[in-house]
Structure formats: C-alpha cells, structure tokens
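Descriptive analysis of the structure
These are the residues of each chain, in order.
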Amino acid sequence: DTGVSQDPRHKITKRGQNVTFRCDPISEHNRLYWYRQTLGQGPEFLTYFQNEAQLEKSRLLSDRFSAERPKGSFSTLEIQRTEQGDSAMYLCASSPPPVGYPGANVLTFGAGSRLTVL
Amino acid sequence: AQTVTQSQPEMSVQEAETVTLSCTYDTSESDYYLFWYKQPPSRQMILVIRQEAYKQQNATENRFSVNFQKAAKSFSLKISDSQLGDAAMYFCAYRSPNTGNQFYFGTGTSLTVIP
C-alpha cells in the first residue's frame, strides 16, 4: 500500500459543469476525511466517513456537494453545477481506528485534487 | 468548534539555525491531540510531530520538538539545525477524541530557509 491516492490531480472545468473526485485510502484505514484548502489557508473540514457511513458533514458542504464511500473502501466527492468559488484543492485523508493501530489518531493525506472553475 | 491560531503567516531562518513556530488553540476539553503538519510546495501534507494532551513530556522527533503549555493552550514547534528541505507551509492542528472526529487546522506559517 503506497498511501492515500487521489484522482484526478488537477481538473479544469467550466462553471456549471459537474466534477467528481476519487480517493483511495490506505487499505486498513476505516476513517476517511475530505477537506478543502484554498490558497494561503489551512484545510477546512468537509465530511467524514467511518467505514461506509457518512457520520459528519460540515455546514460548508452545500447541497451541490455529495460524497459517498460505497463498501467502506474508496470515496468519491461530487460537485454539481460548479461555481468559481469552488476553485480549491480538495484533500482526502484517512486514519486507522483510534485504538490499537499504529498511527492511530493521525491523518495521512493524499496529494490532493486541484479544481479550477473557469 | 475549536479554533487554532497561527499568528505568524511567514517566518524565515538561516540554514543550520533554530526557528520556533507558534500555535495557540481554544478548547474547553482536557483530553485532545495536537499535531504539526508540513506541506512542501506542490506536495502533500505530511505529519511532523504529534502530542497527546495527557502527556506532560514534550514530544520530540529528531530535529523537531514541541513546547506544549497546556494551561496557556500553546503548542509551538521548534526546528533545530534547519535544512533547506524544511522550507514549507507548517500547519498546527487539533483533534478532539470526544466531540466528533474533525481535525481543526490553523491558517499555516510559511517557512523560508535561507542558505
């Protein structure tokens, strides 16, 4: 396992189009997070999965955003009807169960998917 | 929600010297985790060091150490013998084991290492 993978690394789209990002976490990590990062800012929490269940969603996540994690493995983040304000780096991170695992309570990040909305 | 404040948007250090990055946080909890993450330009974020709040001893990882002052809610990162590869954005982060599973990040400090 080589870490958290994100695809695509960069997406350029026109306003109003839909985009989907994929994240493949480390295989033994049951927790998966999506964050958004804009230039000069720290990551902002979007949503969190434990296995296949989406347990938390930020108020930042408008109705145009949806995330899934079927079967508790990879996850997708879809943005519908993109707006220029959606331009950002979308980061995925994963974490093992909090007890009994090396690296518990630590996030491992992917390289991110950079979205540019024209 | 917990807030994490990094009051130094930019810092610079001469190669081989020592630099300290500041971080403060706001919480009413007694048990939590604190982290420093490093994000090199155009590269992914990686963990530098972590501290459990219940541990009084400051964490150390090679050239990286923290000064954890629980009462003051302060968590600074000291980088000794700075190297060119230390140049990056550094983010302080907080995680509560009790109130959800969010990690809260500061706005970051951009560190420049001068040869």
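Refer to the preceding data block for the structure.
Okay, so let's go over this structure. (Residues numbered from 1 in each chain as written. Chains lettered and ligands numbered in written order. Predicted model: local features only at pLDDT ≥ 70, side-chain atom pairs only at ≥ 80, totals over all residues. Heavy atoms only, no water.)

The number of helices and strands found in chain A is 0 helices and 11 strands. Ordered by position from the N terminus, the helices and strands of chain A form the series β-β-β-β-β-β-β-β-β-β-β. Computed over the C-alpha atoms, the radius of gyration of chain A is 14 Å, within 12% of the 13 Å expected from 2.2 N^0.38 for a compact globule of 118 residues. Principal-axis analysis of the C-alpha atoms places the extent of chain A at approximately 45 × 25 × 25 Å. In chain A, buried positions account for 50% of the 118 residues. Contacts spanning at least 24 positions in sequence make up 54% of the contacts within chain A whose residues lie at least 6 apart. As presented, chain A carries roughly 5800 Å² of accessible surface, and 46% of it is formed by carbon and sulfur atoms. Side chains of chain A carry 14 positive and 12 negative charges; the gap between the two charge centres is 5 Å. (Helix = DSSP H or I, 4+ residues; strand = E, 2+ residues; numbered from the N terminus. Rg over C-alpha atoms; globule rule 2.2 N^0.38 Å. Buried < 20%, exposed > 50% of the residue type's maximum accessible area, 1.4 Å probe, protein only. Contact = heavy atoms within 4.5 Å. Areas by Shrake-Rupley, 256 points an atom, 1.4 Å probe, with all protein chains shown as cover. Lys, Arg positive; Asp, Glu negative; His and termini not counted. Charge placed at Lys NZ, Arg CZ, Asp CG, Glu CD.)

Time to look at the state of the cysteines. For the coordinates displayed, the defined rule picks out 2 disulfides over all chains. Shown here is the disulfide that connects Cys23 of chain A with Cys92 of chain A, its sulfur atoms set 1.9 Å apart. When the S-S torsion is -70 degrees, as for the bridge of Cys23 of chain A with Cys92 of chain A, the disulfide is left-handed. One end of the pair, Cys23 of chain A, is in strand E3 (residues 19-24); the other, Cys92 of chain A, is in strand E9 (residues 88-95), with 69 residues separating them in the sequence. Considered together, Cys23 of chain A and Cys92 of chain A belong to a single accessibility category, that of buried residues. A disulfide bridge connects Cys23 of chain B with Cys92 of chain B, and the sulfur atoms are separated by 2.0 Å. The S-S bond linking Cys23 of chain B to Cys92 of chain B shows a torsion near -70 degrees; that makes this disulfide left-handed. Taken together, the residues Cys23 of chain B in the loop between strand E3 (19-21) and strand E4 (24-26) and Cys92 of chain B in strand E10 (residues 88-95) connect sequence positions 69 residues apart. We note that Cys23 of chain B, like Cys92 of chain B, is buried. (Disulfide = S-S within 2.5 Å.)

Judged by nonpolar contacts, the single largest core of 26 residues is most densely connected at Tyr25, Trp36, Phe75, Leu77 and Tyr90 of chain B. Beyond its immediate chain neighbours, meaning those up to four positions away, Leu77 of chain B contacts Val19, Thr20, Leu21, Trp36, Val48, Ile49, Phe64, Ser65, Val66 and Tyr90 of chain B. If you look at the next biggest cluster of nonpolar residues, it comprises 19 residues, including Val4, Val19, Ile26 and Phe49 of chain A. (Core = buried A, V, L, I, M, F, W, Y, C linked by side-chain atoms within 4.5 Å.)

Okay, the sheet that holds strand E1 (residues 5-7) of chain A next. All names here are of chain A. With respect to topology, 4 strands assemble into an open sheet ordered E1-E3-E8-E7, the strand pairing being antiparallel. Of all strands in the sheet, those with a lone pairing partner are E1 and strand E7 (65-68), marking the two edges. Looking at each pair of strands side by side, their axes are set apart by 15 degrees on average, direction ignored. Bridge count for E3 against strand E8 (residues 75-79) is 5 bridges, and the pairing is antiparallel. By the bridge assignment for E8, Cys23 is matched with Ser75. (Pairing = 2+ DSSP bridges. Axes fitted to C-alpha atoms, helices over the stretch in contact; angles between N-to-C directions.)

It is worth spelling out the interface of chain A and chain B at this point. Between chain A and chain B, the contact holds 20 residues from the first and 17 residues from the second. A buried area of about 1600 Å², summed over both sides, lies between chain A and chain B, and 51% of it is on carbon and sulfur atoms. Here chain A is connected to chain B by 0 salt bridges. Ranked by the residues each element gives to the side of chain A that touches chain B, the list is headed by strand E4 (residues 31-37) of chain A, at 4 residues. Class assignment for the residues of the side of chain A that touches chain B results in 11 nonpolar, 7 polar and 2 charged. (Buried area = accessible area lost by both parts, 1.4 Å probe. Salt bridge = Lys/Arg side-chain N within 4 Å of Asp/Glu carboxyl O. Nonpolar A, V, L, I, M, F, W, Y, C, P; charged D, E, K, R; others polar.)

With that settled, consider the environment of Gly106 of chain B. One can find Gly106 of chain B in the loop between strand E11 (103-105) and strand E12 (109-114). Given a relative accessible area of 1%, Gly106 of chain B falls into the buried group. Excluding its chain neighbours within four sequence positions, the residues that come into contact with Gly106 of chain B are Gly42 of chain A together with Val4, Gln6, Phe91 and Cys92 of chain B.

All names here are of chain A. If you walk through the whole model with that rule in mind, you get 5 salt bridges over all chains. Between Arg22 and Asp24 there is a salt bridge, with its nearest N and O atoms 2.8 Å apart. Judged by relative accessible area, which is 33%, Arg22 ranks as partly exposed. Residue Asp24 is classed as partly exposed on the basis of its relative accessible area of 28%.

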